[in-house]
Amino acid sequence: MKQQQLQGLSKKEITLVSDLEFKEKYYFTREDVEQHFRIKREMINTLYTLKKKGRIVRLNKNKYFLIPIKARTGRWVDSSYTIMHEMMDGKDYYLGGWGAANYWGLTDQIPMRFDVWTTRRQGRCTILNSKFVFHRTTKKDISKKGIEVKEGKLHFKIMKKEESALWLSLHQ
């Protein structure tokens, strides 16, 4: 993987980044930053430039993650559970596989990738050094097999413990 070299920021970019950091809004949408721009094209260009400079990471079509200024080298890691929850906008998904088995304490193996069952997308992606594999499923399956977890700042949906134990028994 090529190491990203941080570049200087323009006045507009500094204003945007500092405003988001002041509000502690590290996950943000285009609507959250549109007040900083006169026209939509200016916003799109600034977000593109910040992405190219390594100051933001695009999570989905409308949502981004701000790399904090305190990450001087441009590298930053957030919880994979939080990244996944933000990437899926908090709906129509649950985390399963080795990630769920590890969360429930069914295995000591630290997951190298996170399997996400969702109604909205499929394929693979890597965001902030977390690898995600998306599998298609139905809303009925999500409500039957998934459970919502809130622990302090962590908030995500995960496969129920019984379902995880069954999945683990089939994959060992």
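For the structure itself, consult the block above.
Residues numbered from 1 in each chain as written. Predicted model: local features only at pLDDT ≥ 70, side-chain atom pairs only at ≥ 80, totals over all residues. Heavy atoms only, no water.

Visitor: Hey, could you run me through the sheet that holds strand S2 (residues 56–58) in this one?
Guide: Adjacent strands of a sheet pair through backbone hydrogen bonds, lying either parallel or antiparallel. With respect to topology, three strands assemble into an open sheet ordered S1-S3-S2, the strand pairing being antiparallel. Two strands bound the open sheet, and with one partner strand each, they are strand S1 (27–29) and S2. Here the average twist between neighbouring strands, direction ignored, is 35 degrees. Here three bridges tie S1 to strand S3 (residues 63–66), and the two strands are oriented antiparallel to one another. Note on S3: the bridge partner recorded for Tyr27 is Phe65. Strand contacts of helix H3 (residues 40–52): S1, S2 and S3, with the helix running at about 105 degrees to S2, the strand carrying the most contacts. (Pairing = 2+ DSSP bridges. Helix = DSSP H or I, 4+ residues; strand = E, 2+ residues; numbered from the N terminus. Axes fitted to C-alpha atoms, helices over the stretch in contact; angles between N-to-C directions. Contact = heavy atoms within 4.5 Å.)

Visitor: Even after reading the chapter, I still don't get H3, so can you show me in this structure?
Guide: An α-helical segment advances 3.6 residues per turn. Residues three or four places apart therefore align on the same side. Here H3 spans 18 Å end to end across 13 residues, near enough to the 18 Å set by a 1.5 Å rise per residue. The secondary structure elements touched by the buried residues of H3 are helix H1 (11–22), S1, helix H2 (30–33), S2 and S3. Trailing H3 by a residue or two, Gly54 shows a phi angle of about 85 degrees, which is positive. (Expected span 1.5 Å × (residues − 1).)

Visitor: Explain the pairing of strand S9 (residues 154–159) here, please?
Guide: The side chains of a regular strand alternate, first on one face of the sheet and then on the other. Pairing of strand S8 (residues 146–151) with S9, which is carried by six bridges, proceeds in the antiparallel orientation. Bridge pairing in S9 places Gly146 opposite Met159. Counting the residues in the hairpin turn of S8 and S9 gives two residues, including Gly152, whose phi is positive at 60 degrees.

Visitor: I keep staring at unusual backbone geometry and nothing clicks. Help me out?
Guide: Keep in mind that most residues, glycine aside, have a negative phi and that most peptide bonds are trans. The phi dihedral of Glu24 falls on the positive side, at around 55 degrees, and the residue is not glycine. On the basis of relative accessible area, Glu24 is assigned to the exposed category, the value being 60%. The phi dihedral of Asp92 falls on the positive side, at around 60 degrees, and the residue is not glycine. With respect to the element layout, Asp92 can be found in the loop between helix H4 (80–87) and strand S4 (93–96). (Buried < 20%, exposed > 50% of the residue type's maximum accessible area, 1.4 Å probe, protein only.)

Visitor: Got a minute to help me understand the nonpolar core in this structure?
Guide: The tendency in soluble globular proteins is for nonpolar side chains to be buried side by side. In terms of nonpolar packing, the biggest core is built from 30 residues, with Ile83, Met87, Ile127 and Phe132 touching the most fellow members. If you tally residues by element for this core, the top one is H4, at four residues. In contact with Met87, not counting residues within four places along its chain, are Leu59, Asn60, Arg121, Cys125, Ile127, Phe132 and Phe134. Counting 12 residues, the second-largest nonpolar core is a separate cluster that includes Val17, Met43, Ile56 and Tyr64. (Core = buried A, V, L, I, M, F, W, Y, C linked by side-chain atoms within 4.5 Å.)

Visitor: Explain the packing of aromatic side chains to me, please; I cannot follow it from the model alone.
Guide: Ring pairs (aromatic) are described by centroid distance and by the angle formed between their planes. Evaluation of the coordinates by the stated rule reveals 11 aromatic pairs. With a centroid separation of 5.6 Å and 20 degrees between ring planes, the pair formed by Phe28 and Tyr64 is classed as stacked. Of the two residues, Phe28 sits in strand S1 while Tyr64 sits in strand S3, which places them 36 residues apart along the sequence. A relative accessible area of 1% places Phe28 in the buried class. Judged by its relative accessible area of 3%, Tyr64 is buried. (Phe/Tyr/Trp six-rings, centres within 6.5 Å; stacked < 30°, edge-to-face > 60°.)

Visitor: Looking at this structure, how should I read the packing of H1 against H3?
Guide: Packed helices, taken two at a time, are described by the angle between their axes plus the distance between the axes. Running from amino to carboxyl end, H1 crosses H3 at an angle of 80 degrees, the nearest separation of the two axes being 11 Å. The orientation of H1 with respect to H3, classified from their angle, is roughly perpendicular. For the pair formed by H1 and H3, the contact residues are Lys12, Glu13, Leu16 and Val17 on the first element and Glu42, Thr46, Leu47, Thr49 and Leu50 on the second. Among the residues forming the contact of H1 with H3, the class breakdown is four nonpolar, two polar and three charged. (Parallel < 35°, antiparallel > 145°, perpendicular 65-115°, else oblique. Nonpolar A, V, L, I, M, F, W, Y, C, P; charged D, E, K, R; others polar.)

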